[in-house]
Amino acid sequence: MDIIRTSDYEEMSRKAADLMEAQLREKPDCVLGLATGSTPVGTYRELVRRAREGLLHFSKAKTVNLDEYVGLPPENEQSYRYFMQKNLFDWVDIKRENTFVPDGMAKDLPKACGEYEALIRSLKGIDLQLLGIGHNGHIGFNEPGEVFEKETHLVNLSERTIKANARFFSSPDEVPRQAVTMGILSIMRARKILLLASGAQKAKIVKEAFFGPITPKVPASVLQLHPAVTLIADAEALKECDLV
Ligand code: GLP
């Protein structure tokens, strides 16, 4: 695992954009796995800036997002499709038909999960998967549990996640109770993984995930087994880790 320590959120975002830009230059038709949440917003902002200056092109790239809330249509401002449009897709030269987000409105959700997994396979897998981390160690919406959930599946969100994500909604009651998420195996199949963490509130979980035991109780800990993981975190998020 590579660990890149940055002084703050802005530097973390620039370094993450550097790695994504390198991926796009090396393979313009790459498949990028994308994440939502507040952590990658600065990275997307930086990618948009570079794209608008003509330094970066997404015209051949494809994207697959990690997760989506159940029951929120794409035009709902809290849906992850809406988030991706507003933070990245609307501002760069990516083709809408090359961007994929799980369908949280599907009538048959288990079937839609299988189809999403088949879609990732048909794209020949993910070249670079971007991840944030939840306070309880979730990646995508893979919540702590007794086993590592494998492929794209329907999940009941934990109380802790509902509470954490309530900040984006007008009340906790509005936070959907379920989501569709890529599974741990879907994520682990990505050729490269880039996890971002910022701020003191992530310090404890970053230490547990990257320096603690590998356990489904801390889903992100499985990343210790991946051969090409880069953690980019700011000093606050790394403050509990003993790094030389
Ligand atoms: C959500 C998303 C995750 C994200 C996590 C952390 O629950 N499903 O993909 O990593 O929140 O969010 P934040 O970056 O806002 O701390």
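(A) Representation of the overall build of the protein chain within the structure. Secondary structure summary: the protein chain contains 7 helices and 10 strands in total. Taken against the 2.2 N^0.38 rule, which gives 18 Å for 244 residues, the C-alpha radius of gyration of the protein chain at 17 Å falls within 12% of a compact globule. Across its three principal axes, the protein chain shows a C-alpha extent of roughly 45 × 45 × 35 Å. The burial tally for the protein chain puts 55% of its 244 residues in the buried class. Surface exposure of the protein chain reaches about 11,200 Å², of which carbon and sulfur atoms provide 53%. Seen as two clouds, the 32 positive and the 34 negative side-chain charges of the protein chain have centres 3 Å apart.

(B) Molecular detail of the sheet that holds strand E2 (residues 31–34). Read across the open sheet, the 7 strands follow the order E1-E10-E9-E6-E2-E3-E5; overall the sheet is parallel. Lying at the two open borders of the sheet, with one neighbouring strand each, are strand E1 (2–6) and strand E5 (99–100). Sheet topology places E1 next to strand E10 (residues 229–234); 5 bridges connect them, and they run parallel. Bridge assignment links Asp 2 to a residue of E10, and that residue is Thr 230.

(C) Region of the structure containing the layout of surface pockets. Reported here for the largest pocket is a volume of approximately 610 Å³. The wall of the largest pocket is formed by 37 residues, among which Thr 36, Gly 37, Ser 38, Asn 165 and Phe 168 lie closest to the centre. Secondary structure elements with two or more residues in the lining of the largest pocket: strand E4 (67–69), helix H3 (80–87) and helix H5 (159–165). Along the lines of polarity and charge, the residues of the lining of the largest pocket split into 15 nonpolar, 16 polar and 6 charged.

(D) Fine view of the site of the ligand. The ligand sits among 14 residues. The nearest are Ser 38, Thr 39, Asp 67, Arg 167 and Lys 202. Between Ser 38 and the ligand, the recorded distance is 2.6 Å, taken from a side-chain N or O atom to an oxygen atom. The contact in question runs from an oxygen atom of the ligand to an N or O atom on the side chain of His 138, over 3.0 Å. When the free accessible area of the ligand is taken as 390 Å², the share hidden by the protein chains comes to 96%.

(E) Quick look at the side chain of Lys 202. Looking at the secondary structure, you find Lys 202 in the loop between strand E9 (192–197) and helix H7 (203–211). No salt bridge is formed by the buried Lys 202; the nearest opposite charge belongs to Asp 234, separated by 9.6 Å. From its side chain, Lys 202 meets the backbone oxygen of Ile 133 in a polar contact 2.9 Å long. Sequence-distant contacts of Lys 202, defined by excluding residues within four places in its chain, comprise Thr 39, Ile 133, His 135, Ala 197 and Ala 237.

(F) Here's a closer look at the environment of Lys 239. Looking at the secondary structure, you find Lys 239 in the segment after E10. Between the C-alpha atoms of Lys 239 and Lys 202, which are 37 residues apart in sequence, the distance is 9.6 Å. Excluding its chain neighbours within four sequence positions, the residues that come into contact with Lys 239 are Ala 200 and Ala 203.

(G) Quick look at helix H4 (residues 109–122). With 14 residues, H4 ought to run about 20 Å at 1.5 Å a step, and its terminal C-alpha atoms sit 20 Å apart, in line with that. Among the residues of H4, those classed as buried are Leu 109, Ala 112, Cys 113, Tyr 116, Glu 117, Leu 119 and Ile 120. Here the buried residues of H4 occupy an arc of 155 degrees about the axis, which is enough to place them on one side. Set apart from the buried face of H4 by more than 90 degrees, the exposed residues are Pro 110, Lys 111 and Arg 121. By the N-cap criterion, in which a side-chain oxygen at the helix start approaches the backbone nitrogen of a residue two or three places on, H4 is capped by Asp 108, the distance to Lys 111 being 3.2 Å.

(H) Representation of the packing of helix H2 (residues 41–52) against H3. Taken N-terminus to C-terminus, the directions of H2 and H3 make an angle of 40 degrees; their axes are 10 Å apart at the nearest point. What the angle tells us is that H2 and H3 run oblique. Residues Val 41, Tyr 44 and Val 48 of H2 form the contact with H3, whose own contacting residues are Phe 83, Met 84 and Asn 87. Here the residues of the contact of H2 with H3 are counted per class, giving 5 nonpolar, 1 polar and no charged.

Conventions used here
- Sequence order as written defines the numbering, with residues in each chain counted from 1.
- This being a predicted model, a pLDDT of at least 70 is required before a residue's local features are given, and a value of 80 or more before pairs of side-chain atoms are given or counted; all residues contribute to the totals for chains, interfaces and linings.
- The basis for every side-chain value is the complete set of heavy atoms in the structure, and neither hydrogens nor water enter the calculation.
- Helix and strand assignments follow DSSP, with helices taken as H or I runs no shorter than four residues and strands as E runs no shorter than two, numbered in order from the N terminus.
- Two things to know: the radius of gyration comes from C-alpha atoms, and the globule rule equals 2.2 Å times the number of residues to the power 0.38.
- Accessible area is worked out with a 1.4 Å probe on protein chains only. A residue is then buried under 20% of its type maximum, exposed over 50%, and partly exposed in between.
- To measure how exposed things are, a 1.4 Å probe is used in the Shrake-Rupley method; for residues, cover is taken only from the protein chains shown.
- Counted charges follow a simple rule, with Lys and Arg positive, Asp and Glu negative, and His plus the chain ends left uncounted.
- By convention, the charge on Lys lies at NZ, on Arg at CZ, on Asp at CG and on Glu at CD.
- When DSSP finds two or more bridges between two strands, those strands count as paired.
- Two kinds of site are reported from a 1 Å grid over the protein atoms alone, namely cavities, where a 1.4 Å probe fits but cannot get out, and pockets, open sets with protein on both sides within 12 Å along at least five of seven lines, and residues are called lining when an atom falls within 4 Å of a point.
- Grid points are joined across faces, edges and corners, and a volume is the space filled by probe spheres set on the points.
- Three residue categories are used. Nonpolar comprises Ala, Val, Leu, Ile, Met, Phe, Trp, Tyr, Cys and Pro, charged comprises Asp, Glu, Lys and Arg, and polar comprises the others, including Gly.
- By convention in these notes, a residue is near a molecule or strand provided one of its non-hydrogen atoms lies within 4 Å of it.
- A 3.5 Å cut-off defines polar contacts: any pair of N or O atoms within that distance qualifies, except that in protein one atom must be a possible hydrogen donor and the other a possible acceptor, and neighbouring residues in sequence count only when both atoms are side-chain atoms.
- Definition used for salt bridges: Asp or Glu carboxyl oxygen within 4 Å of a side-chain nitrogen of Lys or Arg.
- It only takes one pair of heavy atoms within 4.5 Å for two residues to be counted as in contact.
- A helix is expected to reach a length of 1.5 Å times the quantity of its residues less one.
- It is the directions from the helix axis to the C-beta atoms that the arc portrays.
- Each axis is a line fitted through C-alpha atoms, and for a helix only the stretch in contact is used; angles between axes span 0 to 180 degrees, taken between their N-to-C directions.
- Roughly parallel means an angle under 35 degrees; roughly antiparallel, over 145; roughly perpendicular, 65 to 115; everything else is oblique.

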